[in-house]
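# Structural description and commentary
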Amino acid sequence: VQLQASGGGLVQAGGSLRLSCAASGNILSDSPMGWYRQAPGKERELVAAITAAGRTNYVGSVKGRFTISRDNAKNTIYLQMNMLKPEDTAVHYCKYWTIAAAPQYIAWGQGTLVTVSS
């Protein structure tokens, strides 16, 4: 599976950005996908995830501001980021993983930089 992320950029605090991640290859229809981010000097953390059925979960710091969604027909997930804060500045990565296959398969996108200025 290959993941192509896009949509990062520079935005002022309070602004919005929309990230996209298109998956291609041998995609399993029941696989969840998600967005992670890594700020300078920090570990990579989960931002939001979505199951094939559309169930979502978010890290507490983005709840109410970010929305993850997916278009299964296009094998694409999105992250709508509103009310951005300087602490949201990070490289954002999309992730695909299997849940039933053994061994588990994981794929990462190349990362897209989000910079929020104060």
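Further up the page is the structure itself.
Definitions and limits used
Residue positions within a chain follow its written sequence, with the count starting from 1. Totals for whole chains, interfaces and linings use all residues, but because this is a predicted model, local features are given only for residues with pLDDT of at least 70 and pairs of side-chain atoms are given and counted only at 80 or more. By convention in this description, side-chain values take in all heavy atoms of the structure and omit both hydrogens and water. Note on aromatic contacts: the rings of Phe and Tyr and the six-membered ring of Trp form a pair at centre separations within 6.5 Å, being stacked when their planes are under 30 degrees apart, edge-to-face when over 60 apart, and tilted otherwise. Going along the chain from the N terminus, every DSSP run of H or I of four or more residues is numbered as a helix, and every run of E of two or more is numbered as a strand. Each residue's exposure class comes from its accessible area (1.4 Å probe, protein chains only) as a fraction of the maximum for that residue type: buried when under 20%, exposed when over 50%, partly exposed otherwise. The nonpolar core is taken to be a set of buried Ala, Val, Leu, Ile, Met, Phe, Trp, Tyr and Cys residues, with the residues joined through side-chain atoms within 4.5 Å. In what follows, a contact means two residues having at least one pair of non-hydrogen atoms within 4.5 Å. Whenever a carboxyl oxygen of Asp or Glu lies within 4 Å of a side-chain nitrogen of Lys or Arg, that contact is scored as a salt bridge.

Another aspect to go through is the packing of aromatic side chains. All told, the structure shown has 3 aromatic pairs when counted by the stated rule. A ring pair is formed by Tyr36 and Trp108, whose centres lie 5.0 Å apart and whose planes are at 75 degrees; its orientation type is edge-to-face. Residue Tyr36 is located in strand S4 (residues 33–38), and its partner Trp108 is located in strand S10 (residues 106–108); the two are separated by 72 residues in the primary sequence. By relative accessible area, Trp108 is classed as partly exposed at 36%. Taking 6.2 Å as the distance between ring centres and 65 degrees as the angle between the ring planes, the aromatic pair formed by Tyr96 and Tyr105 counts as edge-to-face. On the basis of relative accessibility, which here comes to 2%, the residue Tyr96 falls in the buried class.

Leu3, Trp35, Leu79 and Met81 are the most contacted members of the largest nonpolar core, which has 26 residues in total. Secondary structure elements with two or more residues in this core: strand S1 (2–6), strand S3 (17–24), S4, strand S5 (45–50), strand S7 (66–71), strand S8 (76–81), strand S9 (90–97) and strand S11 (112–117). The leading source of residues in this core is S3, at 4 residues. Among residues more than four places away in sequence, those in contact with Leu79 are Leu17, Arg18, Leu19, Trp35, Val47, Ala48, Phe66, Thr67, Ile68 and His92.

So, on to the pattern of salt bridges. Taken as a whole and assessed by the stated rule, the structure comprises 3 salt bridges. A salt bridge links Asp88 to Arg37, with the shortest nitrogen-to-oxygen separation between them at 3.0 Å. Note that Asp88 is positioned in the loop between S8 and S9 and Arg37 in strand S4, a separation of 51 residues in sequence. Residue class for Asp88 comes out buried when judged on its relative accessible area of 1%. By relative accessible area, Arg37 is classed as buried at 6%. The salt bridge partner of Asp88 is Arg65, with a shortest N-O separation of 2.8 Å. In this pair, Asp88 is assigned in the loop between S8 and S9 and Arg65 in the loop between strand S6 (56–58) and S7, connecting sequence segments 23 residues apart. The class of Arg65 is buried, set by a relative accessible area of 7%. Shared partners join several salt bridges into a network, and the residues in it are Arg37, Glu45, Arg65 and Asp88.

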